Each structure stands twice: as structure tokens, then as C-alpha cells.
Amino acid sequence: MAYLQIENLIMEDYTINLEIENGESVGVFARRKKTVSDFLKIASGINPGKGCFHDGKEIYDNRKYFQNRIFMDFSHTYLTTLRISAISETLRNKYGLSFNKEKFVRIGKDLNIRGETMIGEQYKFTPAGNTFVNYALAQALEKPNIVILNPTHGLNLPEDIDLISRGITAGGAFNTALIGIDRLKAFRGRLHKILLFSDFGTAHVLGAGERLIVFPKEFEPEHPLFLGSEKVIALAGYERDELRKLHKNKIYHELISVYDIEDHL
């Protein structure tokens, strides 16, 4: 049985069907960031939504489901200190959580979090530092299943972006990872599937290696996904003869990776 089953979930204008198997990392992408956030809050059991199941039971208000997953938005500030005793006390008293102190300290040193911190009564982190802290916390909480929104928020250096995207999708790090993607390219080759919320009220689950097709904005494809200022991106459900006909009629088209969507919007 899949770790998470979503069957005919209605959200906004979308009907969503998605299965997440144990061991999978799954990305979620939409032009409208609130759509991704709303979906992840339903998929994590924070907000109600009919059709979401774990072990055959609805996930909303499901204690067993909650105990084995963590939801974090890396653009939010969860910690205002790096003092281990204070973090431990807050997690225990406020959330009933424990964490691996040694792992948190080790990751903090590897990321040089203190170099992204102004220390006073409360620690003030740079945007990159805040993401580093959240990543270290997500790892140290040692929950087998994670739901992460804005995973590379505030990061600019390619090596930092690569470290975080690799760290939350690496095999063995987590049982499942459901990720609200803020940069598609950062997750190239690291996801098992991607849930796309189109600009046209449709939701599609694509294999990570699937390709899309780009046309001029004026073209009307059968299955459009995203409409940019000059181009429209669609599902690439065209046979070879159809592609040849497009070429013969000099209709611009380009096959792209799902990770290259943002380059054409």
C-alpha cells in the first residue's frame, strides 16, 4: 500500500489524484504559490480535505500520521536561537518533540550557520541562514516523512542550493519527501514524480523524466499547462507524424524537460 493516497481531492478548480510510495521524493509546482501551500497543508493533514489516506484512514486529525511526519516552510522562522538547551526545551514543551542534538550541531557547523547570524538577545539569521537552520532542524527531528515548502528560500550560491535539494531527497535521509518546489532546476534528477497545477484548472502527475512541449502563445495545444508572455507550455502528447507536420508547417515547437518550465514563462 502507498504511504499516501490522494483520490479525487477537490481543491480550488483542481481534481487531484496522487500516490506517494515509500522511498519516493515528490515535487509540487504551480505558478500560484498559494496553491502549492494550500495543497501541502491538506497533504500533511493540517487542513481538511476529503480523499487523503494513510494506511486506509483519512489523514486529517490522524495522530499516527502526524507522529511520523513533519511539515516545515523554510521561508518561516521557527528558531530564534542556536542554544541547544533552549531549542530542546521549546521543542519539548511547545510541540512535544525531541531532536538529535549532535546531528543539529554537526549540520550547523557544516553549513556555517553562525556565519549567517547576528547574535543578540535573539539570534537574527540572514534569509540563507534561516533556511540552513530549518534544514538542520528538519534533519535533526528525525521524522521519517517530511513535507517541505520553499526549500531553497533565500539561497543564492549554487553549492548551497545543491546541498539543500540533495539533502532532502537523498535516499535514506527520509522515507518520503513531499516538496513544494520553489526552483525546479534545483531538483533535476532528484524527484520520482512531479505534481503540476496548471494555469488552466488541471492537475497532472508526471514522471520526473517526462518532457513537455513549448509553442508560440497564439497556438492552442490540446493539453495546455502554462501560459507565458510569449509561449504556451503543454503536455507532449504528440506522435512523431504530428511533430513532423508541425515542422513542415513551420510552427515553432520545442520539447523541454519538466525542470525547464520556468525558463519559458
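Above this note sits the structure.
Colleague: Help me out: how do you make sense of the pattern of salt bridges in this one?
Modeller: Opposite charge on two side chains makes pairing possible when the charged atoms of those side chains draw close. Scanning the model with the defined rule gives 12 salt bridges in all. Residue Asp-162 pairs with Arg-190 through a salt bridge whose shortest N-O separation is 2.6 Å. You can see Asp-162 sitting in helix H6 (residues 158-169) and its partner Arg-190 sitting in the loop between strand E10 (176-180) and strand E11 (193-197), a full 28 residues away along the chain. A residue is classified by how much of its surface remains accessible, and Asp-162, at 30% relative accessible area, is partly exposed. Here Arg-188 makes a salt bridge to Asp-260, at a shortest N to O gap of 2.6 Å. In this pair, Arg-188 sits in the loop between E10 and E11 while Asp-260 sits in the segment after strand E16 (254-257), placing the two residues 72 residues apart along the sequence. For Arg-188, a relative accessible area of 40% translates into the label partly exposed. According to the relative accessible area criterion, Asp-260 is buried, its value standing at 15%. Salt bridges sharing partners connect three or more residues here, namely Lys-185, Arg-188, Asp-260 and Asp-263.

Colleague: Even after reading the chapter, I still don't get the nonpolar core, so can you show me in this structure?
Modeller: Nonpolar side chains in soluble globular proteins generally cluster together in the buried interior. Among the nonpolar cores identified, the biggest contains 53 residues, and Phe-104, Ile-113, Phe-187, Leu-196, Leu-212, Val-258 and Ile-261 are the most heavily contacted of them. Element by element, the count of residues in this core is highest for helix H5 (residues 127-141), at 9 residues. Mapped onto the domain boundaries, this core takes at least three residues apiece from domain 1 (4-197) and domain 2 (210-264). Residues contacting Val-258, with those up to four places away along its chain left out, are Leu-184, Ile-194, Leu-196, Leu-206, Ala-208, Glu-210 and Leu-212. Ranked by size, the runner-up nonpolar core spans 26 residues in total, among them Tyr-14, Val-28, Phe-71 and Val-147.

Colleague: Looking at this structure, how should I read the sheet that holds E16?
Modeller: Two strands in a sheet stick together by hydrogen bonds in their backbones, pointing the same way (parallel) or opposite ways (antiparallel). Strand order in this open sheet of 4 strands is E14-E15-E13-E16, and the pairing throughout is antiparallel. Of all strands in the sheet, those with a lone pairing partner are strand E14 (224-227) and E16, marking the two edges. Going across the sheet, the axis of each strand differs from the next one's by a mean of 35 degrees, ignoring polarity.

Colleague: I tried to follow the sheet that holds strand E4 (residues 52-54) on my own but got confused; where do I start?
Modeller: Sheet architecture is open: 4 strands sit in the order E2-E1-E4-E5, paired in antiparallel fashion. Either end of the sheet is taken by a strand with one partner, and the two such strands are strand E2 (14-20) and strand E5 (57-58). Relative to E2, strand E1 (residues 4-11) runs antiparallel, the two being bridged by 6 bridges. Counterpart to Ile-6 in the pairing with E2 is Leu-18. The sheet strands contacting helix H1 (residues 33-43) are E1, E2 and E4, and the helix crosses E1 at an angle near 130 degrees.

Definitions and cut-offs
- Residues numbered from 1 in each chain as written.
- Predicted model: local features only at pLDDT ≥ 70, side-chain atom pairs only at ≥ 80, totals over all residues.
- Heavy atoms only, no water.
- Salt bridge = Lys/Arg side-chain N within 4 Å of Asp/Glu carboxyl O.
- Helix = DSSP H or I, 4+ residues; strand = E, 2+ residues; numbered from the N terminus.
- Buried < 20%, exposed > 50% of the residue type's maximum accessible area, 1.4 Å probe, protein only.
- Core = buried A, V, L, I, M, F, W, Y, C linked by side-chain atoms within 4.5 Å.
- Domains from an automatic or database assignment.
- Contact = heavy atoms within 4.5 Å.
- Pairing = 2+ DSSP bridges.
- Axes fitted to C-alpha atoms, helices over the stretch in contact; angles between N-to-C directions.

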